[in-house]
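The primary structure of each chain is shown beneath.
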Amino acid sequence: MSTREFQVIPRVDVDGTAVDGEQLEISMGPQHPSTHGVFRMDLKLDGERVARLKPVFGYLHRNHEKIGESTTYLGSMPYTDRLDYFCSLTNNWAYALAVEKLAGLQAPERAEYIRVITAELTRLQNHASLAGFLLQDMGASGTPLMYAFREREKILDLFESLTGARMMCNYMRFGGCRCDLPAGWILEARGVVERFPRFLDEFQALLDGNEILMSRTQGVGVLPAALAVNAGITGPMLRASGVNYDLRKVDRYGIYDRFSFKVPIGDHGDVYDRYMVRVLEMRESLKILDQALRDIPDGPILDPKAKLRGFRPKPGEAYGRIESPKGELGFYLISDGSPNPYRYRVRPPSFINLTLLEDLCLGHQVADVVVILGSVDIVLGEVDR
Amino acid sequence: MESLEQIKIWTETAVAGARLQLVTNPGPSGQHSLLVDNDHAAAVARFFLEDARLRLDYASNVTGIDWPEAVLQEKRKVKQTIEGVEREIEETIERRRPGFLEVVYHLYSMALKQGPVILRLRTGDRGAQARLPSLTPIWRGAEFQEREVFDLFGVVFEGHPDLRRILMWDGFKDFPMRKDYAPPQESGAGREPAQ
């Protein structure tokens, strides 16, 4: 914990209310390792218990939306990689989907398959890393995270051979994808998908019933379903609270209606359920990958109507959204007929999922705040934009 | 999902005095929206949330749009009699549109798995009248997003529980997402002078 601002508050608070006992005001972050970036929480502690928590954002703010409005539509594509830098391919997809709605484009079948394959691989490596980070935050120093990163590396190798970059992929285009799969890529991907369950089996055998994990996470940071819906929480965090809402099933964007997979739902809405929902989602992603890698057809990868240069959608607006690994990632675009969007808006899931951080942490200890924040799954590149 | 015309009729029946206006979207996405008057915005939002046919329990995306004052050109056909012959002439009319800020809510129903219904609110101008009722008491999901609109566009949300800047620092003066925002020329400009 940062001791930069560590002061005993007088008996009477600044707003005149009497303070019961001694309360400590602590500024946790922005360089605290548990924040996974530059993020700060203003805590007020009553003993060890959290009495108030105010998240402070903006350390990584660069006004992504303004930059998006002063460049061309395609010019923003590589910049979407930098939002949630763990999941550049799903960011690309969400943006491409919104622009396709705006301009009336349709990606060909092969491109849709490639999008599903890359998005589900992204989900695998995001959830594996998140599980690793969460356990790291709980004091399982090193091992689970390194196991997860070993698997992530294999998926990043696939991304590199497909797009040329491990993390900043810049791969999707409006109406398709940038380049076709290289020779032998599907075979490589199949190998990764076939070997992944062995890692998951080992990971789960070591951790699911682990006493420390259970006592640190069960009953901690409980999020009731009704509150989660009202606060716009999405993704695994929402489903861990027992709400069955997965955009792959609800919107059936792309070709998700062709695959058979289940949506894991939690019971209690605590940190353990959020961990478990992600582990089970990885199993479902593997099912989708199996089917997609088996069925992918030959064909073009770009809509012939798509224009890379001189792209000017007709005036209008569109909101496109996908189920990114962190929740609902949406792009809202307004075109005035010029080469730049008039309005370019990112609906960032991990920013909105932080709405309830204070509610989840109140009454818990500082050490639990670290675990609860870890279970939200934030990336500051997306939170601050 | 019912058509917006139907939703408009339901809403105007249920919320006395509410005036809704259909805003059509000329683009291929077909996402049209409903413009609601500010006095009844909270009541309309409450109706959207509670009505059994709509159950719009999830405010997904909340964002602002800046529309500065502009001169719009409209073409229309007029009949004129020139030298005794009646002709149809296309005439360009210039219309001044006063500036305003707009806030857009993309609403979905998680319970009924339907949506979106797009709700728009408009401020009176871009200065003193840039005030709107906050919908955070109805959808908590709007809390941070309305703060962001306040921070970057300068819309004051009345009834918001915690309206502070969220991405820019507290001493910052301007609203960076407005179209006429000029970035500071030298580093440090825009900050409050050190005291």
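Up top you'll find the structure we're talking about.
Residues numbered from 1 in each chain as written. Chains lettered and ligands numbered in written order. Predicted model: local features only at pLDDT ≥ 70, side-chain atom pairs only at ≥ 80, totals over all residues. Heavy atoms only, no water.

Description of the overall build of chain B
Scanning chain B for helices and strands turns up three helices and nine strands. Listed by position from the N terminus, the elements making up chain B come as α-β-β-α-β-β-β-β-β-β-α-β. The C-alpha radius of gyration computed for chain B amounts to 21 Å, which surpasses the reference 16 Å derived for 195 residues by more than 25%, pointing to a less compact arrangement than a globule. Dimensions along the principal axes, computed over C-alpha positions, put chain B at roughly 75 × 55 × 30 Å. (Helix = DSSP H or I, 4+ residues; strand = E, 2+ residues; numbered from the N terminus. Rg over C-alpha atoms; globule rule 2.2 N^0.38 Å.)

Observations concerning the sheet that holds strand 9 (residues 343–347) of chain A
Residues and elements named next belong to chain A. Strand order in the open sheet made by the three strands is 7-8-9, with antiparallel pairing throughout. Every interior strand has two partners, whereas the edge strands, strand 7 (316–324) and strand 9, have only one. Strand-to-strand twist of the sheet, defined as the mean angle between neighbouring strand axes without regard to direction, takes the value 10 degrees. Strand direction decides the pairing type here: strand 8 (residues 327–335) and strand 9, joined by five bridges, are antiparallel. Of the residues in strand 9, the one forming a bridge with Phe 331 is Val 346. (Pairing = 2+ DSSP bridges. Axes fitted to C-alpha atoms, helices over the stretch in contact; angles between N-to-C directions.)

A short note on the packing of helix 4 (residues 109–137) of chain A against helix 14 (residues 366–376) of chain A
Residues and elements named next belong to chain A. Following both chains from N to C, one finds helix 4 and helix 14 inclined at 175 degrees, their axes separated by 9 Å at the closest point. Taken together, the axis directions place helix 4 and helix 14 in an arrangement best described as roughly antiparallel. From helix 4, Leu 130, Leu 134 and Asp 137 reach across to helix 14, where they touch Val 370, Val 371, Gly 374 and Ser 375. Across the contact of helix 4 with helix 14, the residue classes tally to four nonpolar, two polar and one charged. (Parallel < 35°, antiparallel > 145°, perpendicular 65-115°, else oblique. Contact = heavy atoms within 4.5 Å. Nonpolar A, V, L, I, M, F, W, Y, C, P; charged D, E, K, R; others polar.)

Quick word on unusual backbone geometry
Residues and elements named next belong to chain B. In this structure, Arg 55 is a non-glycine residue whose phi angle is positive, near 45 degrees. Here Arg 55 shows up in the loop between helix 2 (41–50) and strand 3 (58–67). On the accessibility criterion, Arg 55 (35% relative accessible area) is partly exposed. One non-glycine residue, Lys 113, lies in the positive phi region at around 50 degrees. Within the secondary structure, Lys 113 sits in the loop between strand 6 (100–109) and strand 7 (114–122). Judged by relative accessible area, Lys 113 falls into the partly exposed class, the value being 40%. (Buried < 20%, exposed > 50% of the residue type's maximum accessible area, 1.4 Å probe, protein only.)

Some words on the interface of chain A and chain B
Contact with chain A, which involves 47 residues of that partner, is made by 45 residues of chain B. Interface area for chain A against chain B, summed over the two sides, is near 3,700 Å², with a carbon-plus-sulfur share of 54%. Three residues stand out in chain A for area buried against chain B, namely Asn230(A), Glu317(A) and Tyr342(A), and they jointly supply 17% of the buried area on that side. Taken together, the connections running from chain A to chain B amount to five salt bridges. The salt bridge involving Asp359(A) is made with Arg140(B); its shortest N-O contact spans 3.0 Å. Applying the counting rule to chain A against chain B returns 29 residue pairs in polar contact (both at pLDDT 80 or more). For the side of chain A that touches chain B, the element with the most residues is strand 7 of chain A, which contributes five residues. Here the side of chain A that touches chain B is composed, by residue class, of 23 nonpolar, ten polar and 14 charged. (Buried area = accessible area lost by both parts, 1.4 Å probe. Salt bridge = Lys/Arg side-chain N within 4 Å of Asp/Glu carboxyl O. Polar contact = N/O pair within 3.5 Å; in protein donor to acceptor, adjacent residues only side chain to side chain.)

Limitation: the analysis is restricted to geometry and does not speak to function.
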